[in-house]
Amino acid sequence: MRRHKSIAGLAAFSLLLGCVTLPVKAADMEIGEAFTTIPEEEVQAFSEAVIPEDLEGFSSELIEAYDAEEFSLNEYELGVLYLTNKIRMANGIAPLSMQAGLQKAADIREPELWVKFAHERPNGTECFTALDECGVSYGTAGENIAAGQFNPQMVITSWWKSDGHRENMLTPGFSHLGVGYTYKEDSEYGHYWVQMFTGTCEPDSISLTEDDSIPFIMKNDQTIDELGLMLQIECHHGTSYMPVTEEMCSEVDMSLLKQKQTVTISYKGKSTTVDIMLHEPMPFGDVSPESWYYDYVEEVYYNEIMTGLDGTTFGPEQNLARAQFAVILHRLMDVPEVEYKAVFPDVKDGEWYTDAILWASENKIVTGYSDTGNFGPGDNINREQMAVMMYRFAKFLQEDVSQTADYSRFSDAGYVNEFAQEAMSWAVGMEIISGKDDGTRLDPQGNASRAECATIIMRFLEKYVF
């Protein structure tokens, strides 16, 4: 939860705690040294250290791109990891990675701070015993804690202003970081934060956590950070993860639009690569960033699967014709050539949709109407027809279509025609089609809009291709 308890003076004060001072009231708080096992003679002063100027420009939307939950973090915790690394790299120091055992220890420490806001744990032991409980091996370790700050920028700024906490964040000997954040409404300070550092190690290998065989799409007004890529690092401590940022990457040629280019990601002498393709931002004024379909429309546009009605209009709510859907599937196969045959009376040679419909018919993806033999290229496609065509397309690609689901929970399940029942069961089971009206209706006979088409196509590709 991102709510905060209103305590007078708390936001402005941004409480910090060293290893010896336990506050009773906010006004009584003194900033002490952060707790660390690093020998004093090895601690650097960092008197000339800098904090990146763009720290205030950090946004929660950027962190959302990294899918924090997949790595057992909440967005605030990943935000602290990201900002800590930006500071370290701005000062020529290698970034930190999140290791599962260390993160588990941080998750143990965060609720303990509600009970006792100190480096000493409620059971009377020092904070690093949490590392022992989680099986974390370490030669040196450090802990920063804070309370009252509402977001990652505030807590990082607070730690930066304290010598001990700043030194923990900048110590070159540390390699891994666990971050804990929690909000407790009825506690003294509401928001509680912890950083737990360990080191030292070198990576054995690095790789991306996502399939990098397909280029990532990047808008030419974005940075590498906004792609949300995560680096997987193997070392003698096990597997750890790190958000990929532009400081770790070779330069992107911003003049190369719609061309694949390879970017090298480097970390402590190891490297891996990622392919990207630059595009200009989507031009459609009728696709709001707040709409439920925005991301899907972006993806079909950048992948040249669907185009706009014109240069500035996508028409998300407009109905889609059967011929248009056939053309989309044809594009997914790089527009294979076909020889004209009079398969359907209403599909003449030389039309913009002819090759697509004949290709789809030849591969048993589409059929005509049983009563007339016509295809109906200009007829609106409905949701069950779209499910059937996608199901047949998956079979054409020789994909596994065995995952199905009982869709009888939907109030209008009985309106799915017999010819579409198997396909609809597959589409619901694969979560390619979901219900309308808070998941209560399938609307099988409802006309499919262009936004719905974009959504279904991209969900299909995410399941079977990406």
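Residues numbered from 1 in each chain as written. Predicted model: local features only at pLDDT ≥ 70, side-chain atom pairs only at ≥ 80, totals over all residues. Heavy atoms only, no water.

### With respect to the sheet that holds strand β3 (residues 98-99)
With respect to topology, 4 strands assemble into an open sheet ordered β3-β10-β9-β7, the strand pairing being antiparallel. Across the chains shown, the open sheet's two edge strands, defined by having one partner strand only, are β3 and β7 (205-208). Of the pairings in the sheet, the one linking β7 to strand β9 (residues 230-235) comprises 4 bridges and is antiparallel in character. The partner of S205 across the bridge, within β9, is E234. Helix α3 (residues 75-90) contacts β3 and β10 (238-243) of the sheet and is inclined by roughly 75° relative to β10. (Pairing = 2+ DSSP bridges. Helix = DSSP H or I, 4+ residues; strand = E, 2+ residues; numbered from the N terminus. Contact = heavy atoms within 4.5 Å. Axes fitted to C-alpha atoms, helices over the stretch in contact; angles between N-to-C directions.)

### Things to note about the sheet that holds strand β8 (residues 216-219)
If you walk across this open sheet you meet the 3 strands as β8-β12-β11, and the pairing is mixed. The sheet terminates laterally at β8 and β11 (260-267), the two strands that pair on one side only. Neighbour-to-neighbour, the strand axes of this sheet turn through a mean angle of 45°, independent of strand direction. In the sheet, β8 pairs with strand β12 (residues 270-279) via 4 bridges, with the strands oriented parallel. If you follow M218 over to β12, its bridge partner there is L278.

### Considering α3
Between its first and last C-alpha, α3 extends 22 Å over 16 residues, near the 22 Å set by a 1.5 Å rise per residue. Within α3, 14 of the 16 residues are buried, leaving the element largely enclosed by the surrounding structure. Its side-chain oxygen placed 3.0 Å from the backbone nitrogen of Y76, N74 serves as the N-cap of α3. Count one or two residues on from α3 and you reach G92, which has phi positive near 75°. (Expected span 1.5 Å × (residues − 1). Buried < 20%, exposed > 50% of the residue type's maximum accessible area, 1.4 Å probe, protein only. Polar contact = N/O pair within 3.5 Å; in protein donor to acceptor, adjacent residues only side chain to side chain.)

### A short note on the packing of aromatic side chains
Going through the model one piece at a time under the given rule, you end up with 23 aromatic pairs. Measuring from centroid to centroid gives 6.4 Å for F128 and Y138, while their planes differ by 50°, and the two rings are tilted. With F128 in the loop between α4 (100-115) and α5 (129-133) and Y138 in the loop between α5 and β4 (140-147), this residue pair connects regions lying 10 residues apart in the sequence. Assessed through its relative accessible area of 27%, Y138 is described here as partly exposed. Considering the side-chain rings of W292 and Y293, the 5.1 Å spacing of their centres and the 85° angle between planes classify their relative orientation as edge-to-face. The ring of F375 carries the charged tip of R322 above its face, separated from the ring centre by 4.4 Å. For the cation-ring pair, R450 lies above F314, with the distance from its terminal atom to the ring centre recorded as 4.4 Å. (Phe/Tyr/Trp six-rings, centres within 6.5 Å; stacked < 30°, edge-to-face > 60°. Lys NZ or Arg CZ within 6 Å of the ring centre and 35° of its normal.)

### Thoughts on the confidence of the model for the protein chain
On average, residues of the protein chain score 87 in pLDDT, and 89% of them are at 70 or above. Every residue in residues 1-33 scores below 50 in pLDDT, and together they form 73 contacts with partners more than four places removed in sequence or on other chains. (pLDDT = per-residue confidence, 0-100.)

### Let's talk about the pattern of salt bridges
Within the structure shown, the criterion is met by 18 salt bridges. A salt bridge links E247 to K86, with the nearest nitrogen and oxygen atoms 2.9 Å apart. Placement of E247 in the loop between β10 and β11 and of K86 in helix α3 is noted, with a sequence separation of 161 residues between them. Classification of K86 as buried rests on a relative accessible area of 7%. The partner of D437 in a salt bridge is R441, with the nearest N and O atoms 2.6 Å apart. A single network of salt bridges, built from pairs that share partners, joins R383, K436, D437, R441, D443 and E452. (Salt bridge = Lys/Arg side-chain N within 4 Å of Asp/Glu carboxyl O.)

### Focus on a negative patch on the surface
Residues D67, E69, E70, E210, D211 and D212 make up a contiguous surface patch of negative charge. Checked against the element boundaries, E210 lands in the loop between β7 and β8. The partly exposed category is assigned to E210, whose relative accessible area is 41%. (Patch = residues over 30% accessible without salt bridge, like charges linked within 9 Å, V, L, I, M, F, W, Y side chains within 5 Å. Areas by Shrake-Rupley, 256 points an atom, 1.4 Å probe, with all protein chains shown as cover. Lys, Arg positive; Asp, Glu negative; His and termini not counted. Charge placed at Lys NZ, Arg CZ, Asp CG, Glu CD.)

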